[in-house]
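# Analysis of the macromolecular model
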Number of protein chains: 2
Amino acid sequence: MLEKYINAAAKRVRADIVLKNATFVNTLTGKIEEGDIAITADRIVGIGNYEGAKEYDVKGLYVLPGYIDSHVHIESSMLSPEEFASLVVPRGTTAIIADPHEITNVCGMAGVEYIYKASQSVPLDVHIQLPSCVPATPFEHSGAILSGKDIEANICSNEVFGLGEFMNFPGVIGADGDVVRKLEAAHNAGKIIDGHAPCVLGDSLNAYLCGGIVTDHECDSPEEMAQKADRGVYVQLRHSSSIHDIAKNCAAVNAGNMSRFIMCTDDRHAADLKNKGHIDDALRTVVEAGLNPVWAVTIATRNAAQCYNLKWRGAIAPFYFADLVVVDNLKDFNARYVFKDGVLVAEGGKPLFDTSKRYLPAAVLNTVHVNPLKPEDFVLKLKGDKARVMTLNYGTILTGCEVLPVRSKNGDVVCENDILKLAVVERHNYTGNIGKGLLKGYGFRGGALGITIAHDSHNIILLGDDNASMAAAANKLKEIGGGMVIAESATGKVYSLSLDIGGLMSSRSADELIAESSALYERAYSMGVNKKLAAFMTLAFLSLAVIPHVKLLDTGLFDVDKFTFTDIDAD
Amino acid sequence: MLEKYINAAAKRVRADIVLKNATFVNTLTGKIEEGDIAITADRIVGIGNYEGAKEYDVKGLYVLPGYIDSHVHIESSMLSPEEFASLVVPRGTTAIIADPHEITNVCGMAGVEYIYKASQSVPLDVHIQLPSCVPATPFEHSGAILSGKDIEANICSNEVFGLGEFMNFPGVIGADGDVVRKLEAAHNAGKIIDGHAPCVLGDSLNAYLCGGIVTDHECDSPEEMAQKADRGVYVQLRHSSSIHDIAKNCAAVNAGNMSRFIMCTDDRHAADLKNKGHIDDALRTVVEAGLNPVWAVTIATRNAAQCYNLKWRGAIAPFYFADLVVVDNLKDFNARYVFKDGVLVAEGGKPLFDTSKRYLPAAVLNTVHVNPLKPEDFVLKLKGDKARVMTLNYGTILTGCEVLPVRSKNGDVVCENDILKLAVVERHNYTGNIGKGLLKGYGFRGGALGITIAHDSHNIILLGDDNASMAAAANKLKEIGGGMVIAESATGKVYSLSLDIGGLMSSRSADELIAESSALYERAYSMGVNKKLAAFMTLAFLSLAVIPHVKLLDTGLFDVDKFTFTDIDAD
């Protein structure tokens, strides 16, 4: 094989493909250069003046290395890996570090295997992290448990790239036994460990990093980012659907620390991928915010390749894999052509690969295991007239908590003043657990919203002002094998969307999912949901007990900062 | 083990060692920072405010990561690996990429094994490259041959880090069969391949890099360096004993391409290591030449760790190995303390480890296999009165060639006008081959100089103005098992130094070797050798057929540019 590359580079044979008259970003030296880019088989073989069997004149366009999403939960797109690829590859993404944390919380190792196998048919490098924290905390009930022993048993698999984001940061800092066992297993296997350490700085950061953890995507400010970069962290500029701080945070990047930054999307749903984009949208956003475009491209490509030791990726140079994006300019990042391993895989924003045959094993279907719910299951009886009410922090997934006056009637809370009931119904093992809380600021009224995506244990999470609607929503979710629902109290109607893969993802096409989801979102907004929120996805993060400050689990209200339960009654 | 680090970082237990009040170079972010550096066992566990069982107050000093020499032939020091370490570790070097190319040309795989085993007892990471070009060219006779098949058989060994500098650059660019086989073997084993590509640019560079080659240490100018960095090469700033262009070449480094540069010494002998230094001397030199000291340190540490994927090396951050150098300032780089894997291994320039017991296997001894030489063996008969005479390029190892008038008498060249006879005597297999040439500019007169170090096949190379002295020198070299000699024609005396390990290295201490060598060098200079030359080491490079432009092999005069033999007769 090397002979073929060398012969083409030395012009003894013609290259397979040549991008003629390219202007390209040299992510190794920070230059914008010009020249023909010659490709033979899967690699770039030369920069200079070349002829090819197939030539593309890219004069006036910019050629960039394929983008690398350094941390993404494919499940958050609600799409199968195949359909996810059909949206992100045409945007210029050619590799992702996928953490199948969500599906694994529902299906265990069968979830990891599903993502791996489903990804094999698409022209996207999907590097799969073994989820480190299933469940995310020992305080909740998920569909599976991956213990230290399980991590040891699976980390060396060739299907496994590394260990996924270590959300249990108090466990790392405290050197808890099973946590250390997981870290040791990955460390001894020579595999990379991803981080998740919101607001962890100083000695705690030192301790967290001594777990062998390399990355962090939970920084809340440029200052936190810069401090973490100083301590050797590969800091992730995140551009998710729920968190919109990348324009602010990219101010952390400077000439000295630039090599410590990488990009990720973490959680991004189908409609955003389709309508706004993926890493390309992150690039647009940071460049608009003033980040040097060559640095931005380097962060999205070379730095991630370096962090994850993706050999011969992330740059345009001889022998590097021909993962290339041809864009209009370094402002819009509008992708004209995308090449993956030397093959044209997308043109004009459309995939040139077929994703209609999708892998769909029985192990990830039919995963909502609850008994029928009744309206009285959602009665919330307080001891007094004050309660700890969860609050929202628009544009982030952080939550707060305020002690507020709450009126009750007939032994049940009255939903008024934009305070709604929130419920988390365990859905994996028929335990009948229902955690109940109150939430202010959602805006919704006249029924219930429900979804089987509820980070990270993915129980059923429901929001509403009416017990009957909440029960109807829950029962509909069981009926459709998981998904999203709206129950309207006035009409008794229930609108739904099935997410049949683990209750998280749709087995249908991206277009179908987006259309149905869009309709459901519109309906939710029409019922008052604050437009600053993602009607369903914001809901899905209200049970994520590794993000400050207060969350709701199937086992009750949880204080993330104290890492223990707290009482809803404030008197 | 992780538990121990985490507990120390979190201050639940005391750190083993703390460098209090450190000012340190953060090679990850380009900052100079302040804080205590806490070490537990072999790793840095925290930066901040720490207490340790043992504390060093380093106020006012600078702490740097241990230096990495990215390409060195230990043999060129003429010292055993143990004694080499005793000189470089106290200077701050904590890791080297060693290419045992010289001893392998003499002893084959027994040479590789010798370097590996001898390195195990010293506090220096010695990463051993499998020499790729033994012999360096197919045109000469070495003591061993490593074919593609041999590379395949050995590259996967745990003792082998990668494939050593691929000097046969025409073979790579031409995609020669056995060359490609070697490259494929290393590539398939996932091992790094070092380069050696003087003046190779443009399409030829593209082709060379398509061999999967990563580095180059043969650049002759800042312009060549910058062009190679653009094509993705890790460009080595070399600070050898024979080549003095690092001050000039470091001008190639800029903010954009800085991450593509690493440092190496390639060939550096004992006296230079002892009196001037190792990578520390390179740092002094480039900083004096105006290179940003933080960049210089980064180039000497982090960049090399990144290039060679030396995990958790090259930076001062939590979980990084505690390979640290404490220096006076960023100008002199005078090393006060050196820590290797958390152990104080040198203080005040002195090693704290014992190298008096040195590994010395029979396989590397008694390696000069020639029959007795006679004066008439060195007669050089020309056809006419003009000859191709090799010329020197002071300060580099490049040679030239000029057609000059040369007088003969009794069918033998008369050495005059600073033109001397040069002879390469095959010494591995009693072939009796003697290559003969002429050299201008050495300055020597009154006898002969000889040495069994003659890159890269390490035959005997002799220089002289008197046939009897040349024969006496050769015979003495056989007698002492290889080494360096001076034969004085006026007195008939022969002065010598034994290099009993492969005819390349001394089994004695560094101090002994340096003293004897120094005496021999002084004697050579007293006999007229131009002070711009390294009396013996310059000689040792005159047969190196992979460095432009004209060299002498045991098989005759060789034109490197045309990669073929040339005739000494110019008429």
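Here, the structure is the one placed above.
Residue positions are counted from 1 within each chain, in the order its sequence is given. To read the labels, note that chains go from A and ligands from 1, taken in the order they are written. Only residues with pLDDT of 70 or above have their local features reported here, since the model is predicted, and side-chain atom pairs are shown and tallied only from 80 upward, although totals for entire chains, interfaces and linings are computed over all residues. Side-chain metrics in this entry use all non-hydrogen atoms of the structure; hydrogen atoms and water are not considered.

Attention now goes to the overall build of chain A. Counting secondary structure elements, chain A contains 17 helices and 30 strands. In summary, chain A has a C-alpha radius of gyration of 24 Å against a globular reference of 25 Å for 571 residues, a match within 12%. Along the longest, intermediate and shortest principal axes, the C-alpha atoms of chain A span 85 × 50 × 45 Å. A 1.4 Å probe rolled over the protein chains alone gives each residue an accessible area, and that area as a share of the maximum for its type sets the label: buried under 20%, exposed over 50%, partly exposed in between. Counting every position in chain A, which comprises 571 residues, the buried fraction comes to 66%. If you take every contact in chain A between residues at least 6 apart in sequence, the share linking residues at least 24 apart comes to 69%. Only the protein chains shown count as cover for residues, with accessible areas throughout obtained via the Shrake-Rupley method and a probe of 1.4 Å. Carbon and sulfur atoms form 48% of the exposed surface of chain A, whose accessible area is close to 18,100 Å². Charge assignment in this entry is limited to Lys and Arg as positive and Asp and Glu as negative, and neither His nor the chain termini are counted. Here the site of a charge means atom NZ of a Lys, CZ of an Arg, CG of an Asp or CD of a Glu. Taking the 54 positively charged and 70 negatively charged side chains of chain A as two groups, their mean positions are separated by 2 Å. Numbering of helices and strands runs from the N terminus; a helix is a DSSP stretch of H or I covering at least four residues, while a strand is a stretch of E covering at least two. The globule rule used for comparison is 2.2 Å times the number of residues to the exponent 0.38, while the radius of gyration itself is calculated over C-alpha atoms. A contact between two residues is defined here by any heavy atoms of the two lying within 4.5 Å.

Any two aromatic rings considered together are summarised by their centre-to-centre distance and by the angle between their planes. Between 30 and 60 degrees the pair is tilted, below 30 it is stacked and above 60 it is edge-to-face, where a pair is any two Phe, Tyr or Trp rings, Trp via its six-membered ring, whose centres lie within 6.5 Å. Within this structure, the stated rule accounts for 30 aromatic pairs over all chains. Between the aromatic rings of Tyr114(A) and Tyr359(A), the centroid separation amounts to 6.1 Å while the plane-to-plane angle is 15 degrees, which identifies the pairing as stacked. In this pair, Tyr114(A) sits in helix α4 (residues 109-118) while Tyr359(A) sits in the loop between β17 (350-351) and β18 (386-392), placing the two residues 245 residues apart along the sequence. Through successive ring pairs, a cluster of aromatic residues spans Tyr5(A), Trp312(A), Phe319(A) and Tyr320(A). Over the face of the ring belonging to Tyr495(A) we find Arg523(A), whose NZ or CZ atom lies 3.5 Å from the ring centre. Working rule: Lys NZ or Arg CZ, within 6 Å of ring centre, within 35 degrees of ring normal, means a charge sits over the ring. Stacked on the ring of Tyr56(B), the Lys or Arg Lys54(B) has its end atom at 5.3 Å from the ring centre.

What follows covers the sheet that holds strand β25 (residues 460-464) of chain A. Residue and element names in this part refer to chain A. Here we have eight strands laid out as an open sheet, ordered β19-β18-β23-β22-β25-β24-β26-β27, and mixed in their pairing. What marks the edges here is a single partner per strand, and that holds for β19 (399-405) and β27 (494-498). Each strand axis lies, on average, 25 degrees off the axis of its neighbour in the sheet, ignoring direction. The axes are straight lines fitted to the C-alpha atoms, using for helices just the contacting stretch, and the angles between their N-to-C directions are given from 0 to 180°. Contacting β22 (419-425), β24 (447-451), β25, β26 (483-488) and β27, helix α15 (residues 467-479) runs over the sheet at an angle of about 150 degrees to β26. A pair of strands counts as paired when DSSP detects no fewer than two bridges linking them.

Let's shift gears to the interface of chain B and chain A. At the junction of the two partners, chain B supplies 59 residues and chain A supplies 59 residues. A buried area of about 4,400 Å², summed over both sides, lies between chain B and chain A, and 54% of it is on carbon and sulfur atoms. The salt bridge criterion pairs a side-chain nitrogen of Lys or Arg with a carboxyl oxygen of Asp or Glu, the two atoms within 4 Å. Across the chain B-chain A interface, the total number found is six salt bridges. Between Asp203(B) and Lys11(A) there is a salt bridge, and its shortest N-O distance comes to 2.8 Å. Side-chain atoms alone can form a polar contact between residues adjacent in sequence; in general such a contact is a pair of N or O atoms within 3.5 Å, and within protein one must be able to donate a hydrogen while the other accepts it. Applying the counting rule to chain B against chain A returns 26 residue pairs in polar contact (both at pLDDT 80 or more). Take the side of chain B that touches chain A: its biggest share by element is six residues, from helix α1 (residues 2-9) of chain B. The class makeup of the residues in the side of chain B that touches chain A is 29 nonpolar, 17 polar and 13 charged. The term buried area means the drop in 1.4 Å probe accessible area that two parts suffer when joined, counted for both and summed. Here the nonpolar group is Ala, Val, Leu, Ile, Met, Phe, Trp, Tyr, Cys and Pro; Asp, Glu, Lys and Arg are the charged ones; every other residue, Gly included, is treated as polar.

When chain B is fitted to chain A, the residual RMSD is 0.1 Å, and the transformation amounts to a turn of 180 degrees plus an axial shift of 0.0 Å. What we have between these two chains is a two-fold relation. Comparing interface residues between copies, 100% of those in chain B also lie at the interface in chain A; the contact surface is shared. Here the copies were fitted onto each other by least squares, based on C-alpha atoms from residues at pLDDT of at least 70 in both.

A side chain of one charge can pair with a side chain of the opposite charge when the charged atoms of the two come close. Residues and elements named next belong to chain A. Enumeration over the complete set of coordinates arrives at 59 salt bridges over all chains. Among the salt bridges present, the one from Glu113 reaches Lys117, with a minimum N-O distance of 2.7 Å. Taken as a pair, Glu113 and Lys117 lie in helix α4 at a separation of four residues, close to a single helical turn. Of the residues examined, Lys117 reaches a relative accessible area of 37% and is grouped as partly exposed. Across the pair Asp511 and Lys274 runs a salt bridge whose closest N-O atoms are separated by 3.1 Å. A residue pair is termed long-range when its members are at least 10 positions apart, and Asp511 in helix α16 (residues 510-526) and Lys274 in helix α11 (residues 270-275) qualify at 237 residues. For Asp511, a relative accessible area of 48% gives the class partly exposed. Members of the salt-bridge network, linked through shared partners, are Arg91, Arg268, Asp280, Asp281 and Arg284.

A few words on α1(B). Three- or four-residue spacings in an α-helix give side chains the same orientation, since the helix completes a turn every 3.6 residues. Most of α1(B) sits out of view: six of its eight residues are buried. For α1(B), every residue scored as buried is listed here: Leu2(B), Tyr5(B), Ile6(B), Asn7(B), Ala8(B) and Ala9(B). In the core, the buried residues of α1(B) are packed alongside α6 (169-173), α7 (177-188) and α8 (202-209) of chain A together with β1 (15-26), β2 (31-40) and β3 (43-48) of chain B.

This part is about unusual backbone geometry. With the exception of glycine, most residues fall at negative phi, and the peptide bonds are largely trans. Residue and element names in this part refer to chain A. Going from Val134 to Pro135, the amide bond is cis rather than trans, its omega being 0 degrees. Looking at where Pro135 falls in the secondary structure, it is placed in the loop between β8 (125-130) and α5 (148-154). Of note in this structure, Tyr430 is not a glycine but carries a positive phi near 55 degrees. Among the structural elements, Tyr430 can be located in the loop between β22 and β23 (434-440).

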